[in-house]
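# Structure at a glance
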Amino acid sequence: MYIDFHTHGKLAKNLPFSTEYTEWLMREAKEAGLDAICLTEHFNTLQFDELYKYLAKVCTRDGDTLITQDGVRVFVGMETDIAEGGHILSIGKLEDILELNTCLEPYKKKREFLTFESLMNVFERYPVIVGAAHPYREGSHISELPFEQLKRLQFLDLNGKDVALDREYYETETGELAKKLNIPMISGSDTHQSVQYGCIRTKLSYSVNTVEKLYEQMKDGNYEIVVSSNIGYQVKVAGLLKKLLKEIHALGGNYVSMLTSQSSE
């Protein structure tokens, strides 16, 4: 099972939620060769709950996952900012992620972000697995946190955007921290649109439909990280596409209609 552990269902967190855009993303994920994704939308994205509730409505429930009409297995998750600087990923059941997002409502503005310790205290009340997103990216101070706090993490994200810039550095640094913490290092594209799907993915030994079984494979090391030979190009084009689509929206255009009409031709 090929899975992307870090994806988004919207072009940008401040843009309105679009059912057509999200459905287009799911179709593109399948076209990119992915069997499953972790949908880790930003916790303070506009219409967070509407996005997840819509998917729950149009997808088929299978264990802890949602199966799209195109056959993509969706593990539900969230990406949360911390006060120290950095992002934390959580993966769990739909109901738990929605409840967690509601609990974090008072802390969604930059000056009100929870500290890592406080956030972990919240997460530990729920049956979710928690990891650090791109811990060595510029602006992130996760790797500088006290070791005793870092030991509360359950995985690290080797991020496609980072690997595209300097694979050796990010793979080495993230891998060494994972070894020190004795936790798995998995991979995520961090995509907000289609081009970046498949730039990096994790190949699991077998398909699973619960968060518990997913974590078991991660802990047992029953996976391998696969990096696309075109990762640099994919990430570069993805960044340009995102910028262009946001500009179209800012000018009053319909970027969603443009994308979906092109894909249907």
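Rules used throughout
Residues numbered from 1 in each chain as written. Predicted model: local features only at pLDDT ≥ 70, side-chain atom pairs only at ≥ 80, totals over all residues. Heavy atoms only, no water. Salt bridge = Lys/Arg side-chain N within 4 Å of Asp/Glu carboxyl O. Helix = DSSP H or I, 4+ residues; strand = E, 2+ residues; numbered from the N terminus. Buried < 20%, exposed > 50% of the residue type's maximum accessible area, 1.4 Å probe, protein only. Axes fitted to C-alpha atoms, helices over the stretch in contact; angles between N-to-C directions. Parallel < 35°, antiparallel > 145°, perpendicular 65-115°, else oblique. Left-handed = near helix turned anticlockwise from the far one by under 90°. Contact = heavy atoms within 4.5 Å. Phe/Tyr/Trp six-rings, centres within 6.5 Å; stacked < 30°, edge-to-face > 60°. Lys NZ or Arg CZ within 6 Å of the ring centre and 35° of its normal.

## Topic: the pattern of salt bridges
- A complete count under the given rule lists eight salt bridges for this structure.
- The partner of Arg61 in a salt bridge is Glu95, and the shortest N-O contact between them spans 3.1 Å. Linking Arg61 in strand β3 (residues 60-62) with Glu95 in helix α3 (residues 94-103), this pair joins segments that are 34 residues apart in sequence.
- Take Arg61: its relative accessible area is 39%, and that puts it in the partly exposed class.
- Given the relative accessible area of 43%, Glu95 is considered partly exposed.
- Residues Lys108 and Glu105 are paired through a salt bridge, measuring 2.9 Å at the closest nitrogen-oxygen approach.

## What to know about the packing of helix α2 (residues 48-58) against α3
- Where α2 meets α3, the axes come as close as 10 Å, and the angle between the chain directions of the two elements is 170°. Between α2 and α3, the crossing angle belongs to the class labelled roughly antiparallel. Where α2 crosses over α3, the two elements pack in a sense that is left-handed. Within the contact between the two elements, α2 uses Phe48, Asp49, Tyr52, Lys53 and Ala56 and α3 uses Leu94, Ile97, Leu98 and Asn101.

## Some thoughts on the packing of aromatic side chains
- One pass over the structure, following the stated rule, counts six aromatic pairs.
- Following the ring pairs from residue to residue traces out a cluster consisting of Tyr21, Trp24 and Tyr255.
- Here the guanidinium or amino end of Arg201 rests over the ring plane of Tyr2, the centre of that ring lying 3.9 Å away.

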